[in-house]
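Results of the structural survey
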Amino acid sequence: MAFNHPGYTEWLAAETKLDAMPPLKRPAASTPSSKRRTKTSTSLTLSIEDFHQLGDFAEAGLEAVRLALERADKALSDGRVPISGAAVEMKKTGALHVVAVGQNGRIPPLPSEETGYPTDHGETAAIREIEDVSKVDWSQVVFATSLSPCVMCGAALTWLWSLGLRRIVVAESLNFSGTADMLAKLDGMTVVRLSSVKAQSMMMKFSTKYPWDWAADIGEIPPSDLKFSQSLEERSESLRVLMAKMQSLMTPKGHVHCIAAVVSAKGIHASAEDERSQSGGNETRSAVMLAMGQAGSQVNLRECVLVFMAPGTVETNLDDFGSVSIGACKLFRPAKVVVTAPPVDELRASLEGAGIPVLVADT
């Protein structure tokens, strides 16, 4: 998953090489977001002919890419990650309706007291904005991304495919292949792959100037301290103390939905209750996605433990955990996932196949 340009291989080498490197620290002299201003050009040089594969949806595709690239361009000028996503629906009348536009949230907008929202990539941020995904006719939508989707966003778009999405446009996949090939293999899916000079230029500028942030955005900052996660073993005192804290977190609120928390030796960084039932089943609002996002960008999720609790269940299933949540775990690779009920085989295999140990805790 390397962004391929000269001078950057030390940051995004093969996974085995990265894990062998000494821990990478955020540069102490990193430029504050408030001063990260970059001169950009709004010239997008898009042509309707570039979208001929979409047939009658060519205009919707062009509009979606225009929105995604304009949002990414503004992000770069504000010192944020220039990756965005946009969904545009073509109504039966032929009119175009903007469903959502999303912006990578690793670096928060300014002025802001926020600490960043790492699970908001361009695609997942756009989807999270939608109040009720069940009310969108996804068969009439074109979803555009400024950069080829990562494994988390690929999972999100695969989920939208299950809802009817059949058209995706990737503005730039030359230097970052991502999951475009996987998405193109979905039954009935059309993936238009462009080589936008604008998108390439934006990513080149950002990743060269702020390599730490780009590496962190795709989970490639190796962990520097795994002592806490390693202390959590079956029936250990550390695990008992952790689960007691989680129970105290849940009980006063009388949680009936799934809850997830991101925890390290420093304590509980964030906890969240599942919001899918209030958003038409929006997978970007699962407990896991919300907790990992709310933990903030200063936390290296590879040093943290993800705790997942599903009240009243005898097993932890895929639906409760969430398909997009699995993609997020594969991307950010928490040091360990602790569940309160044995995971179904497919869930365990998905997590452990990504190198993430799964531990079942008694509650």
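Report follows, based on the coordinates. Remember, it's a predicted structure, so these values are computed and weren't measured experimentally.

Attention now moves to the nonpolar core. Core analysis: the biggest nonpolar cluster contains 92 residues, and W138 and F321 have the highest contact counts within it. At nine residues, the largest contribution of residues to this core is made by helix α2 (residues 58-77). Setting aside residues up to four positions removed in sequence, F321 forms contacts with R276, S286, V288, L306, F308, I326, C329, V337, L347 and L351. The next biggest cluster of nonpolar side chains, apart from the first, holds 15 residues, and it includes F228, I259, A261 and A361.

Taken as a whole, the second largest pocket holds about 380 Å³ of empty space. Looking at the second largest pocket, it is lined by 18 residues, and the ones nearest its centre are A155, L318, G322, S323 and I326. Those elements giving two or more residues to the lining of the second largest pocket turn out to be α4 (151-162), α11 (318-321), α12 (323-332) and α13 (345-353). At six residues, the largest contribution of residues to the lining of the second largest pocket is made by α4. Here the residues of the lining of the second largest pocket are counted per class, giving six nonpolar, seven polar and five charged.

It is worth spelling out the sheet that holds strand β9 (residues 336-339) at this point. Pairing is mixed in the open sheet, where five strands are placed in the order β7-β6-β8-β9-β10. Each having just a single partner strand, β7 (267-273) and β10 (358-360) make up the two edges of the open sheet. Taken pair by pair, the neighbouring strands of this sheet meet at an average axis angle of 20°, ignoring direction. Sheet strands in contact with helix α10 (residues 287-294) are β6 (259-264), β7 and β8 (305-309), and its direction is about 140° off that of β7.

A few words on the pattern of salt bridges. Considering all chains together, one arrives at 14 salt bridges under this definition. Across the salt bridge formed by E70 and R66, the nearest N and O atoms sit 2.8 Å from each other. You can see E70 and its partner R66 sitting in helix α2, four residues apart, about one turn around the helix. Using a relative accessible area of 39% as the deciding quantity, one classes E70 as partly exposed. Of the charged contacts in the structure, one is a salt bridge between K91 and E89, with a shortest N-O distance of 3.5 Å. E89 gets classed as buried once you look at its relative accessible area, which sits at 8%. In this structure, a network of salt bridges that share partners links the residues E63, R66 and E70.

Before going further, it helps to spend a moment on the environment of L347. Relative to the helices and strands, L347 resides in helix α13. For L347, a relative accessible area of 0% gives the class buried. In this structure, the C-alpha to C-alpha distance between L347 and F321, residues 26 residues apart in sequence, is 8.4 Å. Excluding anything up to four places from it in sequence, L347 contacts T316, N317, L318, F321 and I326.

Next up on the list: the packing of aromatic side chains. Overall, the coordinates contain three aromatic pairs when judged by the stated rule. Considering the side-chain rings of F176 and W214, the 5.8 Å spacing of their centres and the 65° angle between planes classify their relative orientation as edge-to-face. Highlighted residues: F176 in the loop between β4 (167-170) and α5 (180-184) and W214 in helix α7 (residues 211-217), separated in sequence by 38 residues. Residue F176 is classed as buried on the basis of its relative accessible area of 2%. Plain terms: the ring middles of F308 and F321 are 5.1 Å apart, the flat faces sit at 65° to each other, and that makes the pair edge-to-face. Residue F308 is found in strand β8, and its partner F321 is found in helix α11; the two are separated by 13 residues along the sequence. When the ring centre of F57 is taken as origin, the NZ or CZ atom of R167, which lies over that ring, is 3.6 Å away.

As a rule of thumb, non-glycine residues mostly have phi less than zero, and peptide bonds are mostly trans rather than cis. Located in the positive-phi region is R333, a residue other than glycine, with phi close to 45°. With respect to the helices, strands and loops of the structure, R333 is situated in the loop between α12 and β9.

This paragraph deals with empty space enclosed by the protein. All chains considered together, the criterion is met by one cavity of 30 Å³ or more. Taken as a whole, the largest cavity spans an internal volume of roughly 80 Å³. Considering the residues around the largest cavity, the lining is formed by 13 residues, among which I83, H121, L147, S148 and C150 are closest to the centre. Of the residues contributing to the lining of the largest cavity, the split by class is eight nonpolar, three polar and two charged.

Definitions and cut-offs
Residues numbered from 1 in each chain as written. Predicted model: local features only at pLDDT ≥ 70, side-chain atom pairs only at ≥ 80, totals over all residues. Heavy atoms only, no water. Core = buried A, V, L, I, M, F, W, Y, C linked by side-chain atoms within 4.5 Å. Buried < 20%, exposed > 50% of the residue type's maximum accessible area, 1.4 Å probe, protein only. Helix = DSSP H or I, 4+ residues; strand = E, 2+ residues; numbered from the N terminus. Contact = heavy atoms within 4.5 Å. 1 Å grid on protein atoms, 1.4 Å probe; cavity = no way out; pocket = protein on both sides within 12 Å on 5 of 7 lines; lining within 4 Å. Points joined across faces, edges and corners; volume = space filled by probe spheres on them. Nonpolar A, V, L, I, M, F, W, Y, C, P; charged D, E, K, R; others polar. Pairing = 2+ DSSP bridges. Axes fitted to C-alpha atoms, helices over the stretch in contact; angles between N-to-C directions. Salt bridge = Lys/Arg side-chain N within 4 Å of Asp/Glu carboxyl O. Phe/Tyr/Trp six-rings, centres within 6.5 Å; stacked < 30°, edge-to-face > 60°. Lys NZ or Arg CZ within 6 Å of the ring centre and 35° of its normal.

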